[in-house]
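Overview (structure and organization)
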Amino acid sequence: MIFVNELTKLGFIVSDPTKKNEIILNGKFLNKDCKINAFGTVENNLAYKVIVDMPEESPDSLGTSFGKLQKLFTIIYGPGTSRYQQFKVRESLLFNVPRLKRNVRKGDFTKYATDSGDIFLEVQEGYISITYLDRLNNDINNKELEEGDKKEISEGK
């Protein structure tokens, strides 16, 4: 994948090149040691999805980090759409109580739509993941998968 070659030039290290259409790298992203999964299309091996797993954090700092990343991405990509799974305090009470902070939970996310694809910030179990889904390459991947399924059916597999 050309994308992976560019990441290695930037200092990322390939830690698992053995999976089909997926390469795992390690390196610094936003000044933190991260794991990066790059997924390639079936036939042309074009990067269509990249997932960055940020380092694990304590529950207290997880909410702060999620908020900082939301602010950074909003500056770069504009306002995102968020969905929060659960609240310790009902949301209707949050706007009446000053300085009361929402507690993030696994599954909470914010989506940023760009011209080239979508970016998802998502709270996982103890860490934050950032997923970039390239619109054009994802369409190519879906077409390649469909063509592969049709080929298997015609060959009687």
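Residues numbered from 1 in each chain as written. Predicted model: local features only at pLDDT ≥ 70, side-chain atom pairs only at ≥ 80, totals over all residues. Heavy atoms only, no water.

**Details of the pattern of salt bridges**
Put simply, the test is: Just to be clear on terms, a salt bridge is a Lys or Arg side-chain nitrogen sitting within 4 Å of an Asp or Glu carboxyl oxygen. Only DSSP runs of H or I with at least four residues qualify as helices, and only runs of E with at least two residues qualify as strands; both kinds are numbered from the N terminus onward. Residue exposure (1.4 Å probe, protein chains only): buried if accessible area is under 20% of the type maximum, exposed if over 50%, otherwise partly exposed.
Within this structure, the stated rule accounts for five salt bridges. Salt-bridge contacts for Asp 53 lead to Lys 35; the nearest nitrogen and oxygen are separated by 3.9 Å. Placement of Asp 53 in strand β4 (residues 47-53) and of Lys 35 in strand β3 (residues 32-40) is noted, with a sequence separation of 18 residues between them. Here Asp 118 and Arg 135 are joined by a salt bridge, their closest N and O atoms 3.3 Å apart. With Asp 118 in strand β7 (residues 117-123) and Arg 135 in helix α4 (residues 135-155), this residue pair connects regions lying 17 residues apart in the sequence. What makes Arg 135 partly exposed here is its relative accessible area of 37%. Salt bridges here are not isolated pairs; linked through shared partners, they connect Lys 111, Asp 118 and Arg 135.

**Here's the deal with the packing of aromatic side chains**
The condition is simple: Within 6.5 Å between ring centres, the rings of Phe, Tyr and Trp (the latter by its six-membered ring) count as paired, and their orientation is classed by plane angle as stacked under 30 degrees, edge-to-face over 60, tilted in between. Comment: the charge-over-ring label is applied if NZ (Lys) or CZ (Arg) is within 6 Å of the ring centre and within 35 degrees of the ring normal.
Under the counting rule described, the total for this entry stands at four aromatic pairs. Summarising the aromatic geometry, the rings of Phe 73 and Tyr 77 are spaced 5.6 Å apart at their centres and angled 55° between planes, so their arrangement reads as tilted. Taken as a pair, Phe 73 and Tyr 77 lie in helix α2 (residues 59-77) at a separation of four residues, close to a single helical turn. Look at Tyr 77 and you get partly exposed, because its relative accessible area is 36%. Plain terms: the ring middles of Phe 73 and Tyr 112 are 5.8 Å apart, the flat faces sit at 50° to each other, and that makes the pair tilted. Residue Phe 73 is found in helix α2, and its partner Tyr 112 is found in strand β6 (residues 109-113); the two are separated by 39 residues along the sequence. Among the residues examined, Tyr 112 registers a relative accessible area of 1% and is labelled buried. Site record: aromatic cluster; members linked through ring pairs are Phe 73, Tyr 77 and Tyr 112. If you follow Lys 49 out to its NZ or CZ, it ends over the ring of Phe 39, 5.0 Å from the centre.

**Describing the pairing of strand β2 (residues 22-29)**
Put simply, the test is: When DSSP locates at least two bridges between a pair of strands, those strands are taken to pair.
By the bridge criterion, three bridges tie strand β1 (residues 13-16) to β2 in an arrangement that is antiparallel. Across the sheet, the residue bridging to Ile 13 is Asn 26, located in β2. Connecting β1 to the next strand, β2, in antiparallel fashion are five residues, including Asn 21 with a positive phi near 60°. Pairing geometry for β2 and β3, over eight bridges, is antiparallel. When the sheet's bridge partners are listed, Ile 24 is paired in β3 with Asn 37. Here β2 hands over to β3 after two residues, with Leu 30 in that stretch at a positive phi of 55°.

Keep in mind these numbers describe shape, not what the thing actually does.
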